[in-house]
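# Structural overview
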Amino acid sequence: MEESKEAVVTVSGGTAPYAAESKDAAVASAIVNDDKITVKGLKAGTTTITVTDKDKKNSGTVTVTVK
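Since we're looking at a predicted model, the values are computed, not measured. (Residues numbered from 1 in each chain as written. Predicted model: local features only at pLDDT ≥ 70, side-chain atom pairs only at ≥ 80, totals over all residues. Heavy atoms only, no water.)

## Some remarks on the overall build of the protein
- Along the backbone of the protein there are zero helices and six strands.
- Listed N to C, the secondary structure of the protein is β-β-β-β-β-β in terms of helices and strands.
- For a compact globule of 67 residues, the expected C-alpha radius of gyration is about 11 Å, and the protein comes in at 11 Å, within 12% of that figure.
- Its C-alpha atoms give the protein principal-axis dimensions of about 35 × 15 × 15 Å. (Helix = DSSP H or I, 4+ residues; strand = E, 2+ residues; numbered from the N terminus. Rg over C-alpha atoms; globule rule 2.2 N^0.38 Å.)

## Structural notes on the environment of Leu42
- Inspection of the secondary structure puts Leu42 in the loop between β4 (36-41) and β5 (45-52).
- It is 8.1 Å that separates the C-alpha atoms of Leu42 and Lys5, two residues lying 37 residues apart in sequence.
- The residues contacting Leu42, other than those within four sequence positions of it, are Glu3, Ala25, Ala26, Val27, Ala28, Ser29 and Val66. (Contact = heavy atoms within 4.5 Å.)

## A few points about the environment of Tyr18
- By secondary structure assignment, the location of Tyr18 is in the loop between β1 (6-10) and β2 (19-22).
- Along the backbone, Tyr18 and Asp35 are 17 residues apart, and their C-alpha atoms lie at a distance of 7.1 Å.
- Once you skip the residues sitting within four places of it in the chain, Tyr18 turns out to touch Val11, Gly13, Val32, Asp34, Asp35, Val51, Thr52 and Asp53.
- In terms of polar contacts, Tyr18 uses its side chain to reach the backbone carbonyl oxygen of Gly13, at 2.7 Å. (Polar contact = N/O pair within 3.5 Å; in protein donor to acceptor, adjacent residues only side chain to side chain.)

## Topic: the pattern of salt bridges
- Considering all chains together, one arrives at one salt bridge under this definition.
- In this structure, Asp35 engages Lys36 in a salt bridge whose closest nitrogen and oxygen atoms are separated by 3.6 Å.
- Under the relative-accessibility criterion, Asp35 is labelled partly exposed at 30%.
- For Lys36, a relative accessible area of 35% gives the class partly exposed. (Salt bridge = Lys/Arg side-chain N within 4 Å of Asp/Glu carboxyl O. Buried < 20%, exposed > 50% of the residue type's maximum accessible area, 1.4 Å probe, protein only.)

## Notes on unusual backbone geometry
- The omega torsion of the bond from Ala16 to Pro17 falls at 5°, within 30 degrees of zero and hence cis.
- The residue Pro17 is located in the loop between β1 and β2 in this model.
- You will see that Ser4, though not glycine, has its phi angle at about 70°, which is positive.

## A closer look at the pairing of β4
- In β4, alternate side chains face the same way, and those of Ile37, Val39 and Gly41 are buried while those of Lys36, Thr38 and Lys40 on the opposite face are not.
- Two strands pair when backbone bridges link them, and strand β3 (residues 28-33) and β4 are joined in this way by six bridges, in the antiparallel orientation. Paired with Ala28 across the bridge in β4 is Gly41.
- Connecting β3 to the antiparallel partner β4 that follows it, the hairpin turn spans two residues, and Asp34 within it adopts a positive phi of roughly 60°. (Pairing = 2+ DSSP bridges.)

Right under this line is the structure:
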């Protein structure tokens, strides 16, 4: 992903609502809208986005590299 570009990831499984957190919010941000996570590249680097469901029983991670 490039700086200032966005990508959308669709969540499947678990129980809505979902929460998303970037390990390094300076590299990429994550915004939740229903079952879609919009990831925006902010500066060059690599980080992970962790998505967790309402019950905190299901989670997943996405590695994001911004160029």
